[in-house]
Amino acid sequence: MKDAGTSKVPLSHKTMVEPKIMVGKGNPYQDKNGEKQIASEPHGMVFNVEPVKMTISSEQKKIEIGEIGNLASQERQPERIQVEEMQPQALSTQGVVFDDGAVKILKSNAQMESQIEDIEKEPEASEQCGLFLMQGGLGLTKPPKDDYWKNAKEIYLMDNELSILPENPRCPNLSALFLPRNYKLRTIPPSFFDYMPALQILNLSRTGIKSLPDSLIRLVSLKRLFLNDCYRLMTLSPKVGNLKLLEVLDLEGAKIMDLPMEIKELTNLKCLEVSFYGYMSNGRRAMQSYAVVPCGVISTLSQLEELNIDVNPDDERWDACVENIITEVCTLTRLETLKFYFPRVELLRHFHCNRPLLSHFRFTVGRHVKRIMSRVPRDVEFELERWERCLRYINGVGVPRDIKNVLHHVTAFFLDRHVTVKKLSDFGTRNMKQLKCCVVGECNEVQVIIDAQDAYGEDGISEIVSESYDAEKIVLGSLEYLYIYYMKSLRSIWEGSVQKNSLFLLKSLTLRTCPQLTTIFTQGLLANLFNLEEIKVEDCPSIKSIVSCEISAEHRSSYFLPSLKKITLHYMPGLISISSGLQIAPKLEWLSFYNCSNLKNPLIDEISSQDLKKIKGERSWWEALEWSSSCPSYLEEIFVPIDIQDC
């Protein structure tokens, strides 16, 4: 996770272009950033096809984002998916390779339906659109011959081994050029862009380029420029200011030192995404200028709808200019999406009072240092990125009103390394009524997550957290995902009575490295967790059972946690039973145990799911389990020795 402005925000103006006709033996696959492609025949092909443009739906991203993005981004080779997911009836026996070009793209249902309709059109309908050169993923070390470039309308050369490009290709009709993930590509010939007057989309993401040639100014029609994750790119050429039609400029993950003043000439820019990283040389910081963003640049970009800024938290230049940048951001009347780092809480107050109306935001608030390695697992980072309005509060002291004001609007909250707070509910349960995702980590003073007493305001009047007309104090009624880790003082999840429907929508609960935690589920919580599907408890040595309460006789015959499908219990030496003899999880499918040496018989009396498909654990532990007679054969059949990498 990036330490400042961690989460990726979907960018609706990162428009993708795909061939409409998908034919080939090759299987489509999904790459590291969700760029969907088809692995082609060894020689590639040229076709007449028509581009399809698709933009994001923020609602659809909630469904699809779990399948793309950060988890896969660490893999060198893309993950393959089935070709039937795209459009099986459109397949034949020839090969096509395509790339979406805009790396963080999701599709709405309506757009997908539109694409399917386009795919089903007769091929003749797209003949006028020109030639498409598809040679991605072939391991090419040399670019196609100049004759192929001459007539091409779109060229796809992603995922190759290119280290050189043509010196001066003539491409009068070329509208899109895709070169991402050619990691060996270090330089672009000085005259490379001289004869590409129609180019509208240029994707150079994840290449090794260090600079852009001056011929960039010839791209008078360019609308979308992708330079994300160009790790050697530290300087953005002032020539970019000549690209008057540019709408999308993506520099996320590049090593940009600062933006040139000429950026203010891009008055049509709708999406700007940039990562600033100070460069250390011999222990001293090398800077090209004192300001990472020159004064007046942001306010000049009046058409901006999406602005995402990542900053090295150690960069003193950001501290010096951030207040002025906030003032300029507040003038952007069209802004809908913002990713921003507020090093001081009081800066948030100024923004909140003057803020534009945002449908998406990712805010990191609080001073912190950049870590070499993060304790936050990548799947947790990814979960935070799913939600449209995310607040990360780090190294905080007390409960500032400004944080509570923003928290009232967020759907994802990450409380990271708070210094003094003792309960999550200190931030006000009323302020969490929209919260769907919550991550709490390394808060050494936190002893309980929710205290029922905090469901009342300071004046003793019940906080109405529900939209209903009754007076029920529903706490975290929208929460779906709760992840808690490295909490050395945490004793319990909930204290006090549990109002009906509190935590009713919770689907996933993870507890990691909480040495003093003794209480997870009380009877009141069990009655509410109707939708819980997964629980994972790791390195919590004081836990004896995930159910730590006495259940009355009339309730012992009832099944609790009716939707639970997956239980993971690792590094739990104190565990002696799963649920204290209570029957739970009638639909359980998956069980995993590791280093639970005192768990002697976890299954017969507590779990009798007919849907159980797999039990994982150490072979020695399994063979030492105590059965009343012998291990049931159906359990033996589904037991799988655990791999330490699973833990």
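Here the structure is a predicted model, which is why all the values come from computation and not from measurement.

Thresholds applied
Residues numbered from 1 in each chain as written. Predicted model: local features only at pLDDT ≥ 70, side-chain atom pairs only at ≥ 80, totals over all residues. Heavy atoms only, no water. Helix = DSSP H or I, 4+ residues; strand = E, 2+ residues; numbered from the N terminus. Contact = heavy atoms within 4.5 Å. Core = buried A, V, L, I, M, F, W, Y, C linked by side-chain atoms within 4.5 Å. Buried < 20%, exposed > 50% of the residue type's maximum accessible area, 1.4 Å probe, protein only. pLDDT = per-residue confidence, 0-100. Patch = residues over 30% accessible without salt bridge, like charges linked within 9 Å, V, L, I, M, F, W, Y side chains within 5 Å. Areas by Shrake-Rupley, 256 points an atom, 1.4 Å probe, with all protein chains shown as cover. Salt bridge = Lys/Arg side-chain N within 4 Å of Asp/Glu carboxyl O. Pairing = 2+ DSSP bridges. Right-handed = clockwise from strand over helix to strand, strands pointing away.

Turning our attention to unusual backbone geometry. One non-glycine residue, aspartate 159, lies in positive phi territory at about 55°. The phi dihedral of tyrosine 486 is positive, around 50°, even though this residue is not glycine. By the secondary structure assignment, tyrosine 486 is in the loop between β23 (481-485) and β24 (492-495).

Let's shift gears to the environment of lysine 150. Within the fold, lysine 150 resides in helix α3 (residues 146-151). Separated by 22 residues in the primary sequence, lysine 150 and proline 172 have C-alpha atoms spaced 7.1 Å apart. Every residue in contact with lysine 150, bar those within four places of it in the chain, is listed here: Arg170, Cys171 and Pro172.

So, on to the nonpolar core. Residues Phe340, Phe363 and Phe521 are the most contacted members of the largest nonpolar core, which totals 149 residues. The element best represented in this core is helix α5 (residues 316-329), accounting for six residues. Membership of the second largest hydrophobic core comes to 12 residues, among which are Val376, Leu384, Trp387 and Cys390.

What follows concerns the confidence of the model for the protein. Note: predicted coordinates in regions of low pLDDT should not be interpreted at a detailed level. With 71% of its residues at a pLDDT of 70 or more, the protein shows a mean pLDDT of 77. Note that pLDDT drops below 50 for residues 1-12; the model gives that stretch 63 contacts with residues more than four away or on any other chain. Note that pLDDT drops below 50 for residues 458-471; the model gives that stretch 20 contacts with residues more than four away or on any other chain.

Once that is clear, we can look at a nonpolar patch on the surface. A surface patch of nonpolar side chains, amounting to about 250 Å² of accessible area, comprises Phe504, Leu505 and Phe530. In this fold, leucine 505 is placed in the loop between β24 and β25 (508-512). Residue leucine 505 is classed as partly exposed on the basis of its relative accessible area, which comes to 34%.

Moving on to the pairing of strand β12 (residues 248-256). Of all the nine residues making up β12, eight are buried; the element is thus mostly covered by neighbouring parts of the structure. Bridge count for strand β11 (residues 224-226) against β12 is three bridges, and the pairing is parallel. Within the sheet, the bridge partner assigned to leucine 225 lies in β12 and is leucine 249. When β12 meets strand β13 (residues 271-276), the two strands line up parallel, connected through five bridges. By the bridge assignment, leucine 249 is partnered in β13 with leucine 272.

What follows covers the pairing of β25. Within β25, four of the five residues are buried, leaving the element largely enclosed by the surrounding structure. As paired elements, β23 and β25 share five bridges and run parallel to each other. Each residue of the ladder has a partner; that of tyrosine 481, found in β25, is serine 508. Here β25 pairs with strand β26 (residues 534-538) via five bridges, running parallel. Bridge assignment links arginine 512 to a residue of β26, and that residue is glutamate 538. You can see the chain leave β25, run along helix α9 (residues 523-528) and come back into β26, and the turn it takes is right-handed.

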